[in-house]
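Next come the chains, spelled out residue by residue.
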Amino acid sequence: MSDHIQPSLSLLPRPASASASEQAHIVTVGNMNGANRLFGGLLFSWMDETAGVTARRHAGTHVTTATVESLRYLCPVVRNQVLMCEAKVIYTGKTSLEVLATAWLEDFDGTRTLAADGRFIFVALDENGNKVQVPPLLIETPEEQALFDAAVERRKK
Ligand SMILES: CC(C)(COP(=O)(O)OP(=O)(O)OC[C@H]1O[C@@H](n2cnc3c(N)ncnc32)[C@H](O)[C@@H]1OP(=O)(O)O)[C@@H](O)C(=O)NCCC(=O)NCCS
């Protein structure tokens, strides 16, 4: 891939709140694996899609998934449950950005249980597939600062 990096249209810092996204699913019989639980590969694709929407919103251009880190399936998900996938940007580099994706089981009373999480790293691309710069993340809260700092530390290893 070319190393010539084009700037995108707007590189003004953007808050995570501007690109955060959420996608709701009701788990159906067709989503099951042989053990009558939600097929993990399908949940992964739902999380990747939600994270990709967030990454596109932040970057303001095309993105491609470069890697996925620390994907965890934390509890079984069964038929007819409501699953909410959420995504928010936690780190931006020059052409890459990291999105924290979470999947929550939602009860009738609104109680949520974390079912899965993972960090999706995307690279921003122009229409020709060349890497482009991403707007920096505008950090608004101490929690966001902690997530950003942790991402920086991971990149030092
Ligand atoms: C991802 C891809 C665009 C990277 O291209 P590349 O020219 O090797 O990119 P670079 O090595 O210059 O890295 C670009 C950025 O991504 C980051 N990056 C790339 N691979 C990474 C990884 N495994 N982990 C963390 N960051 C990564 C780099 O740190 C760099 O970040 P920065 O610009 O913010 O500093 C390229 O490998 C590709 O197109 N892969 C296929 C992606 C795809 O098709 N995904 C869909 C699923 S199959």
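For the structure itself, consult the block above.
Residues numbered from 1 in each chain as written. Predicted model: local features only at pLDDT ≥ 70, side-chain atom pairs only at ≥ 80, totals over all residues.

Peer 1: It is not clear to me how the site of the ligand should be interpreted in this structure. Could you clarify?
Peer 2: Taken together, twelve residues form the shell around the ligand, and within it T67, G93, K94, T95 and S96 come nearest. Only β3 (62-73) and β6 (112-125) provide two or more residues apiece to the shell around the ligand. The element that contributes the greatest number of residues to the shell around the ligand is β3, accounting for four residues. Here the residues of the shell around the ligand sort into four nonpolar, six polar and two charged. (Near = placed C-beta within 6 Å. Helix = DSSP H or I, 4+ residues; strand = E, 2+ residues; numbered from the N terminus. Nonpolar A, V, L, I, M, F, W, Y, C, P; charged D, E, K, R; others polar.)

Peer 1: Explain the environment of A87 here, please?
Peer 2: Within the fold, A87 resides in strand β4 (residues 82-92). Remark: the alpha-carbon pair of A87 and A103, spanning 16 residues in sequence, is separated by 8.9 Å. Contacts of A87, omitting those with residues within four sequence positions, involve A20, S21, T50, A51, T54, V99, L100 and A101. (Contact = placed C-beta atoms within 7 Å.)

Peer 1: Hey, could you run me through the nonpolar core in this one?
Peer 2: One recurring pattern in soluble globular proteins: nonpolar side chains tend to sit buried together. With 33 residues, the main nonpolar core has L97, V99, A101 and F122 as its most contacted residues. Only α1 (40-59), β4, β5 (96-106), β6 and α2 (142-156) provide two or more residues apiece to this core. Not counting the four nearest positions on each side in its chain, A101 is found in contact with M47, T50, A51, C85, A87, D117, G118 and F120. (Core = buried A, V, L, I, M, F, W, Y, C linked by C-beta atoms within 7 Å. Buried ≥ 20, exposed ≤ 12 C-beta atoms within 10 Å, placed from the backbone.)

Peer 1: Help me understand the sheet that holds β5, please; the structure alone is not making it clear to me.
Peer 2: Whether parallel or antiparallel, the strands of a sheet pair through hydrogen bonds between backbone atoms. The strand order across the open sheet formed by five strands is β2-β4-β5-β6-β3, and the pairing between neighbours is antiparallel. Each edge of the open sheet carries a strand with a single partner, namely β2 (21-26) and β3. Between one strand axis and the next, the sheet turns by 25° as a mean value, whatever way the strands run. Here β2 pairs with β4 via six bridges, running antiparallel. Bridging across to β4, I26 finds its partner in V82. Its contacts with the sheet put α1 on β2, β3, β4, β5 and β6, and the angle it makes with β5 is roughly 130°. α2 rests against β4 and β5 of the sheet, and its axis sits at about 65° to β4. (Pairing = 2+ DSSP bridges. Axes fitted to C-alpha atoms, helices over the stretch in contact; angles between N-to-C directions.)

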